[in-house]
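# Results of the structural survey
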Amino acid sequence: MTHPFLDLPPLSAAHFAAIEDRVARLLDTRQDVVIMQGEALLPLEGAIRATAGRGTVALNVITGPYGQTFGDWLRDCGATVYDLAVPFHTAVTAAQIRDAFAEHPEIDFVSLVHAEAATGNTNPVAEIGAAVREQGALFYLDAVASVGAEPVLPDAWGVDLCVIGAQKAMGGPAGVSAVSVSERAWARMAANPRAPRRSYLSLLDWKERWVDAGRKALLHAPAQLEMLALDACVERIEAEGLATVMSRHTSAAAATRAGALALGGGLEPYVHQATEAAPVATTLRAPSGVVASELVARALATDPTLPLASGGGALAKGMIRVNHYGPDATPDAVQASLAALGAALSEKGLAVNLEAGRRAAEGGWR
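Described in the following lines is the structure provided in the data block. Treat the numbers as computed from the prediction; the structure is a model and nothing was measured. (Residues numbered from 1 in each chain as written. Predicted model: local features only at pLDDT ≥ 70, side-chain atom pairs only at ≥ 80, totals over all residues. Heavy atoms only, no water.)

### As for the overall build of the protein chain
Let me state the cut-off plainly: What counts as a helix is a DSSP run of H or I of at least four residues, what counts as a strand is a run of E of at least two, and both are numbered from the N terminus. Throughout, radius of gyration means the C-alpha value; the globule benchmark is 2.2 Å times the number of residues raised to the power 0.38. It only takes one pair of heavy atoms within 4.5 Å for two residues to be counted as in contact. Shrake-Rupley sampling with a 1.4 Å probe provides the accessible areas, and residues are treated as covered by the protein chains on show and by no other component. We count Lys and Arg on the positive side and Asp and Glu on the negative side, and we leave His and both chain ends out. Positions of charges follow a simple convention, taking NZ of Lys, CZ of Arg, CG of Asp or CD of Glu.
A count of helical and extended segments in the protein chain gives 13 helices and 13 strands. Here the protein chain has a C-alpha radius of gyration of 21 Å; the compact-globule value for 366 residues is 21 Å, and the two agree. Dimensions of the protein chain along its principal axes, counting C-alpha atoms only, are 65 × 65 × 30 Å. Residue pairs in contact within the protein chain that sit at least 24 positions apart in sequence constitute 70% of those at least 6 positions apart. Carbon and sulfur atoms provide 54% of the accessible area of the protein chain, an area that totals close to 14900 Å². Separation between the mean location of the 29 positive side-chain charges and that of the 39 negative ones in the protein chain comes to 1 Å.

### Quick notes on helix α8 (residues 203–211)
Inclusion rule: Burial status follows relative accessibility: with a 1.4 Å probe on protein chains alone, a residue under 20% of its type maximum counts as buried, one over 50% as exposed, and anything between as partly exposed. Counted as a polar contact is a pair of N or O atoms within 3.5 Å, where, for protein atoms, one must be capable of donating a hydrogen and the other of accepting one, and residues adjacent in sequence contribute only when both atoms are in side chains.
Of all the nine residues making up α8, seven are buried; the element is thus mostly covered by neighbouring parts of the structure. Among the residues of α8, those classed as buried are Leu 203, Leu 204, Asp 205, Trp 206, Lys 207, Trp 210 and Val 211. Close packing links the buried residues of α8 with α1 (13–26), β1 (32–36), α2 (41–51), β9 (177–181) and α7 (183–190). Structurally, the start of α8 carries an N-cap: the backbone nitrogen of Leu 204 is 3.3 Å from a side-chain oxygen of Ser 202.

### So, the sheet that holds strand β4 (residues 109–113)
Stated precisely, the cut-off is as follows: Pairing between strands is defined by DSSP: at least two bridges between the two strands are required. For every element, the axis is a line fit to its C-alpha atoms; helices are fit only across the contacting stretch, and the angle between N-to-C directions ranges from 0 to 180 degrees.
Read across the open sheet, the seven strands follow the order β1-β9-β8-β7-β4-β2-β3; overall the sheet is mixed. The two strands at the open ends of the sheet, each matched to only one other strand, are β1 and β3 (80–85). Recorded for the sheet is a direction-independent mean angle of 15° between the axes of neighbouring strands. As paired strands, β4 and strand β7 (residues 138–142) are joined by five bridges and run parallel to one another. Looking across to β7, one finds that Val 113 is bridged to Asp 142. Where α1 meets the sheet, its contacts fall on β1, β8 (161–165) and β9, and the angle it forms with β1 comes to roughly 120°.

### Section: a nonpolar patch on the surface
So the rule is basically this: Only residues whose relative accessible area exceeds 30% and that form no salt bridge are eligible for patches; like-charged ones are grouped when within 9 Å, while nonpolar side chains (Val, Leu, Ile, Met, Phe, Trp, Tyr) are grouped when within 5 Å. By salt bridge we mean one thing: a side-chain nitrogen of Lys or Arg within 4 Å of a carboxyl oxygen of Asp or Glu.
Residues Phe 5, Leu 6, Leu 8 and Leu 225 make up a contiguous nonpolar surface patch of about 420 Å² in total accessible area. One can find Leu 6 in the segment before α1. The class of Leu 6 is exposed, set by a relative accessible area of 68%.

### Notes on the pattern of salt bridges
In total, this model carries 16 salt bridges according to the counting rule given. Here Arg 359 and Glu 355 are joined by a salt bridge, their closest N and O atoms 3.5 Å apart. One end of the pair, Arg 359, and the other, Glu 355, are both in helix α13 (residues 354–364), four residues apart, so they sit about a helical turn from each other. With a relative accessible area of 36%, Glu 355 lands in the partly exposed category. Residues joined in a network through salt bridges with shared partners are Glu 355, Arg 358, Arg 359 and Glu 362.

### Observations concerning the side chain of Glu 276
Within the secondary structure, Glu 276 sits in the loop between β10 (268–269) and β11 (282–285). No salt bridge forms around the buried Glu 276; measuring N to O, its nearest opposite-charge neighbour Arg 257 is 8.2 Å away. Ignoring sequence-local partners within four residues, the contact set of Glu 276 consists of His 89, Thr 90, Ala 91, Gly 120, Asn 121, Thr 122 and Val 271.

### A look at unusual backbone geometry
Positive phi values are uncommon outside glycine, yet Asp 28 reaches one of about 50°. When you line up the elements, Asp 28 lands in the loop between α1 and β1. Overall, the relative accessible area of 56% leaves Asp 28 in the exposed class. Even without being glycine, Arg 198 reaches a positive phi, approximately 50°. As for its position among the elements, Arg 198 is in the loop between α7 and α8.

### Some points on the side chain of Asp 160
Turning to its location among the elements, Asp 160 is positioned in the loop between α6 (154–157) and β8. Engagement of the side chain of Asp 160 in a polar contact is seen with the side chain of Ser 182, the distance being 2.7 Å. When sequence neighbours within four positions are dropped, the list of residues in contact with Asp 160 reads Gln 31, Ala 137, Leu 138, Phe 139, Ser 180, Val 181, Ser 182, Arg 184 and Ala 185.

Below is the structure:
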């Protein structure tokens, strides 16, 4: 018995390299791009462990749960870490970054999440990148949620380590991920005696055995189906046009925010300022006395395919997430999500206006 997924010829090194080149074009970068064979946590952790160690002084920006994780990894590497935490309903500013540099001029590493799908905020990376360049620090960016939903430009922004994943706005697979690496970052890794080597976490292995060797022989058997899915995903974005894909996400966010406000029932945007809200997903604050996870469960009972979730961990009680990314960055997905939330709120005895919510979402689509 043959199967189209199981009986494919092996993925060649040339095809693997061509997919890397395609991802580099998506990021408009001339830096080396390495596609790693695992979910984005693999390069996120690998990049920190490769470049941070004893003697590193890091500014770790926390605008959501992933920023907290990066601080833990940095401390585990032996770095001195200064956390800059802002409320999850807002974004960090370049002025706050500069203030941190003024207080701790020894900072030589900055870690930041671009967009936090978990909390619905997005940070002004271009302005922050300018501040980091003034400091001369290495700039590490998690752009997993933002890529495909808003611009991600490592070269223009001075990002030394930019990690992306395809499973959100790009509408692709979760099993592979990529990182662009500047020459400064490679040099920092080479000088770090604690950087992982001969390890699945090792970026230096990819540098020495893949990039420097001319990308002729792969380190190990590639995740073939995921790599082909990534190739198809980027090809689809190219066909639609990256600007069009990002516009869909911007429209989905604007429509969800407008629709939720008009719907009523006590729903409010979790991120206060629309300019600080991420295009990849919209978070909403549940009405007083309503448990968000219960409301979401009721909405999903009507249609389990809706892109709805409650917040993670401690946020499950008060936060609703509308994950309008990838194939769900559409008017239909937004309207169906708002209608289901409105019906669930109505069952709770709260006054909602479904028609007003529908009209506002329709008008919010740009």
